[in-house]
Every structure is written in structure tokens, then in C-alpha cells.
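So you can see what is in the structure, the chains are spelled out below.
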Amino acid sequence: MDIINIIALILVPIVAVVVGHWLQDRAQKRNDKMMIFKVLMTSRIYGWTNESVQAMNLIDIVFSDDQEVRKQWKVCFDKMFVENPTDTELAKMKLEREKLLETMAKSLGYKNVITWESIQNPYIPKGMIDLMEQQQAYQNNQSFIMEQMKSIMPEIRKENPNGKDENGNA
């Protein structure tokens, strides 16, 4: 009986540590998957963001144990390799990203919660759309003005044969 108690005293802490480590590892993997899923679900409103590109680049690592997600990621990745996509190709890219989100949702256990319809129809208020359009118009106008300025400005620096400009600067 003493031998069983001694073995139990030795094994119980070891088993507890191993099980605790396994549970922490499992929880961390799920958190990593959720982070990628959240970023990609959020970025479908804005298109590409730095965070969404980083998340896409982590899919093979974080979902390494899920062949369905990796398979859909490969399809999505292959569709995105178009240098100057047409509207049809852009629509196909969007569809494959949405299929990727659907596959991830199933993998994470949200099969009946996150539907195909909810993936395709993100919430975005009208005021936010207006603001994004205003920002885009502002950026376009800035680019236009800069291009106009470059074309009308005379050459400021004229090089002399000795490598200095008109003011004697090198």
C-alpha cells in the first residue's frame, strides 16, 4: 500500500503538469485561429489591411492541423495571383475569401452560427461608407495635385559641369 501511495505522489504532479500544458497549448492554438478568423471577418468591410495580409500569411501555420482550411486557403491564394484583375476575377477572389471564412467558421465550431449569408453581408453603417468614400476622394485629389505640381514646376536644380548647382551646393 505504501508503494502505491509513493507512486501516486510522484505521478500525480507529473500528470497534472502534462495535462495542464496540453490544455494551455490547445487553448492557445484556438486563440490563434480565432484571431485570424476575427481579423479576416473584420477586414471584409475594408478590403485588404496590413492585419488581414498578416493573418492570411499565418493560415498555413496556425491551421496546420486542419486540411480543409488549408485546402480552401490554397484555392483562395491561387485565385489572388492575378496582376491586373478584371471585375470578374475580383468577384472570384471575393467569393474564395468568403468560402475560406466559411471553412474557418466550420473548423472553429460556428457551423450553425455564422452562415454564408452573414459572411457575405457584413454590417457597415452608411456614415462609415460616406467617410471612407470621402477619404478616398481626398487621397485621389492629393495625388492629382501632386502630379500636376510635378508637371508644372520648372527644374530647380541645374547641374554645372563641376557637380554644383547654381548656388554652389553639391
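Look a little higher up for the structure.
First things first, this report covers the structure right here in the doc. Being a predicted model, the structure only gives us computed values, none of them experimental. (Residues numbered from 1 in each chain as written. Predicted model: local features only at pLDDT ≥ 70, side-chain atom pairs only at ≥ 80, totals over all residues. Heavy atoms only, no water.)

### Regarding the overall build of the protein
To be explicit about the condition: Note on conventions: DSSP H or I runs of at least 4 residues are helices, E runs of at least 2 residues are strands, and numbering of each starts at the N terminus. Atoms counted for the radius of gyration: C-alpha only. Globule rule: 2.2 Å times residue count to the power 0.38. Note on areas: Shrake-Rupley, 1.4 Å probe, and residue coverage restricted to the protein chains presented here.
Counting secondary structure elements, the protein contains six helices and zero strands. The linear arrangement of helices and strands in the protein, starting from the amino end, is α-α-α-α-α-α. Relative to its length of 170 residues, the protein is extended, with a C-alpha radius of gyration of 28 Å against a globular reference of 15 Å. When its C-alpha atoms are laid out on the principal axes, the protein stretches across 100 × 50 × 35 Å. For the protein, the accessible area works out to roughly 13,200 Å², and carbon and sulfur atoms hold 58% of it.

### A few points about helix 1 (residues 2–43)
Applicable threshold: Expected helix span is taken as 1.5 Å per residue step, with the number of steps being one fewer than the number of residues. Buried residues are those whose accessible area, probed at 1.4 Å on protein chains only, stays under 20% of the maximum for their type, while exposed residues exceed 50% and partly exposed ones sit between those limits.
Counted at 1.5 Å a residue, the expected span for helix 1 with its 42 residues is 62 Å, and the 61 Å between its end C-alpha atoms agrees. What helix 1 keeps buried is the set K33, M34, I36, F37, V39, L40, M41 and S43.

### Describing the packing of aromatic side chains
Just so we agree on the cut-off: Pairing of aromatic side chains here covers Phe, Tyr and the six-membered ring of Trp, requires ring centres within 6.5 Å, and sorts the geometry by plane angle: under 30 degrees stacked, over 60 edge-to-face, intermediate tilted.
Inspection of the entire model under this criterion finds three aromatic pairs. Taken together, a centroid distance of 4.9 Å and an interplanar angle of 65 degrees make the contact between F77 and F81 edge-to-face. Its relative accessible area of 62% is what places F81 among the exposed residues. An aromatic cluster is built from W73, F77 and F81, whose rings are joined through pairwise contacts.

### So, the pattern of salt bridges
To keep things clear, this is the line we draw: Each salt bridge in this description consists of a side-chain nitrogen of Lys or Arg and a carboxyl oxygen of Asp or Glu lying within 4 Å of one another.
Here the structure, examined in full by the defined rule, presents eight salt bridges. The residue D130 makes a salt bridge to K126 at a minimum N-O spacing of 2.8 Å. Of this pair, D130 and K126 both sit in helix 6 (residues 126–152), separated by four residues, roughly a single helical turn. Residue class for D130 comes out partly exposed when judged on its relative accessible area of 28%.

### Some words on the nonpolar core
Rules: Put simply, a nonpolar core is a bunch of buried Ala, Val, Leu, Ile, Met, Phe, Trp, Tyr and Cys residues held in one set by side-chain atoms that sit within 4.5 Å of each other. The contact criterion used throughout is that any non-hydrogen atoms of two residues lie within 4.5 Å.
Judged by nonpolar contacts, the single largest core of 21 residues is most densely connected at I36, F37, L40, I59, F63, L100 and M104. At the level of elements, helix 1, helix 2 (50–62), helix 3 (67–79) and helix 4 (87–107) are the ones that each hand at least two residues to this core. Once residues within four sequence positions are removed from consideration, L100 is found in contact with M56, I59, V69, Q72, W73 and C76.

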